[in-house]
Amino acid sequence: MASREDPLEVVTLLCSNHVNMAITCLSSFQNRYQEDHTLTIYDDGTLSESDVSKLNRNVDIDNIITRQEASSNVIPKIKNLENIIEFRNEHPLSIKLIDIPILNNDGFVYIDSDILFINDFYGIDKRNTDYEFIYMEDRQSGYSVRFMDRWIRKSRIELMSKVNAGFYFLNPMSYDPDFVNWFLGKQEYRHNDFTVEQTCWAALAPNLNSRKWNNK
């Protein structure tokens, strides 16, 4: 467990096609965020040597974790979770939902590499609070569970409203891989593969001390 004197760890997931955009957005984060932090990039498996070189020339990066490195550490921890294993093998966004929470021991902030930060800000380090999950609020609930399955049928499930998993704080000690494994095993919750990861965060949120970011 890291000391609260340690810098906040900030992490992102990145693919080769988004490197140029990520340089602009990650640089904007580092220029605008006013508190001490480290930056770790998780490679979805597509970053080339030239991508890594370009990133290191333009962004202050502390660590880049390759897909292979992540797998060697994550796979032993999920060996009995069949639905997580299947989802991880099929969807690059699974790294956000599975690898990053499992491989972090202390509270961290995740940011998507397409968020541009305009104003100076501080206060996203919530390691010294009781909050377990803080998320960005979306304009609407973009989820993979249909209305009938969410509200009417036996499959009905509580989902936190308007969760956007593009910018979140998480205390990984509160992360429940068994719940994630259960959720991913429900086909009625997976009508849109692109939003399954975000929907799972919305399903985790009611079980945690969670809230949306204060935008003021």
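Model, not experiment: these values are computed from the prediction.

(A) Geometry of the side chain of Asp-149. Here Asp-149 lies in helix H6 (residues 147-151). On the basis of relative accessibility, which here comes to 6%, the residue Asp-149 falls in the buried class. A polar contact of 3.2 Å, which involves the side chain of Asp-149, links it to the side chain of Arg-153. Asp-149 has contacts with Ser-155, Arg-156, Ile-157, Glu-188 and His-191, leaving out every residue within four places of it along the chain.

(B) Structural context of the pairing of strand S1 (residues 8-14). Burial analysis of S1 places six of its seven residues in the buried class, the great majority of the element. Here S1 pairs with strand S2 (residues 37-43) via seven bridges, running parallel. Within S2, the position partnered with Leu-8 by the bridge is His-37. Note on the crossover from S1 through helix H1 (residues 19-32) to S2: the handedness is right-handed.

(C) Representation of the nonpolar core within the structure. The biggest cluster of nonpolar side chains holds 41 residues, and the ones touching the most others in it are Phe-133, Tyr-168 and Trp-201. With six residues, the top contributor of residues to this core is helix H8 (residues 196-204). What Trp-201 contacts, discounting residues up to four positions off in sequence, is Lys-96, Leu-97, Pro-101, Phe-133, Val-163, Ala-165, Tyr-168, Leu-170 and Tyr-175. Residues Leu-14, Val-19, Val-59 and Phe-167 belong to the second largest nonpolar core, which totals 26 residues.

Reading the values: rules and limits
Residues numbered from 1 in each chain as written. Predicted model: local features only at pLDDT ≥ 70, side-chain atom pairs only at ≥ 80, totals over all residues. Heavy atoms only, no water. Helix = DSSP H or I, 4+ residues; strand = E, 2+ residues; numbered from the N terminus. Buried < 20%, exposed > 50% of the residue type's maximum accessible area, 1.4 Å probe, protein only. Polar contact = N/O pair within 3.5 Å; in protein donor to acceptor, adjacent residues only side chain to side chain. Contact = heavy atoms within 4.5 Å. Pairing = 2+ DSSP bridges. Right-handed = clockwise from strand over helix to strand, strands pointing away. Core = buried A, V, L, I, M, F, W, Y, C linked by side-chain atoms within 4.5 Å.

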